[in-house]
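Structural characterization, general
Here's the letter readout for the chains.
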Amino acid sequence: RQYKLMMENKPSLMTLPRLNALNDINFDWGVINDEAWQKRYDELKAFKARTGHCRVPVNFAENEALGRWVRTQRRQYKLMMENKPSLMTLPRLNALNDINFDWGVINDEAWQKRYDELKAFKA
């Protein structure tokens, strides 16, 4: 439970040193999280089927947990790429790549919208 709270950026007794200590002894996070991870992954696939992309906003009103989960996947991927302790596994990485997950999101659409609003305001 504490791990889950930490991953959701909520107050938690789980600290990074504790997480690293558990990772150092090869703690099996999958026993705890595979079912939850798969649930969010299935929700992401449904989101993509509906929208054509995997760029779930962090504050996605329809499913806030999915938005946080997507952000967490990007964070864990970044840690993995930096050779730091990460909960990203090769099977998870491959599953996300299989649906063309956007690892680095540059929100051009939102930027363009705000830019157009600014131009209209200044006109």
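Counting its regular elements, the protein chain contains six helices and zero strands. In sequence order, the secondary structure elements of the protein chain are arranged as α-α-α-α-α-α. Going through the 123 residues of the protein chain one by one, you find that 33% of them count as buried. In the form shown here, the protein chain has an accessible surface area of approximately 8,600 Å², with 55% of it arising from carbon and sulfur atoms.

Another point: the pattern of salt bridges. Side chains carrying opposite charge are able to pair once their charged atoms draw close together. Applying the stated criterion across every chain yields a total of seven salt bridges. Between Lys78 and Glu82 there is a salt bridge; the shortest N-O distance is 4.0 Å. Exposure remark for Glu82: the relative accessible area of 35% places this residue in the partly exposed category. In the salt-bridge network here, residues are joined through shared partners; they are Lys39, Arg40 and Glu43.

The next point concerns helix α5 (residues 90-98). If you check which residues of α5 are buried, you get Arg92, Leu93, Ala95 and Leu96. The buried residues of α5 occupy one face: seen down the axis, they fall within an arc of 165 degrees. In α5, the exposed residues that point more than 90 degrees away from the buried face are Leu90, Pro91 and Asp98. Just past α5, the residue Asn100 takes up positive phi, approximately 60 degrees.

In regions of low pLDDT, the predicted coordinates are not meant to be interpreted in detail. The pLDDT averaged across the protein chain works out to 85; a share of 89% of its residues lies at or above 70. Within the protein chain, the element-level pLDDT minimum falls on helix α1 (residues 2-7), averaging 74, and the maximum on α5, averaging 93.

What counts as what
Residues numbered from 1 in each chain as written. Predicted model: local features only at pLDDT ≥ 70, side-chain atom pairs only at ≥ 80, totals over all residues. Heavy atoms only, no water. Helix = DSSP H or I, 4+ residues; strand = E, 2+ residues; numbered from the N terminus. Buried < 20%, exposed > 50% of the residue type's maximum accessible area, 1.4 Å probe, protein only. Areas by Shrake-Rupley, 256 points an atom, 1.4 Å probe, with all protein chains shown as cover. Salt bridge = Lys/Arg side-chain N within 4 Å of Asp/Glu carboxyl O. Arc of directions from axis to C-beta. pLDDT = per-residue confidence, 0-100.

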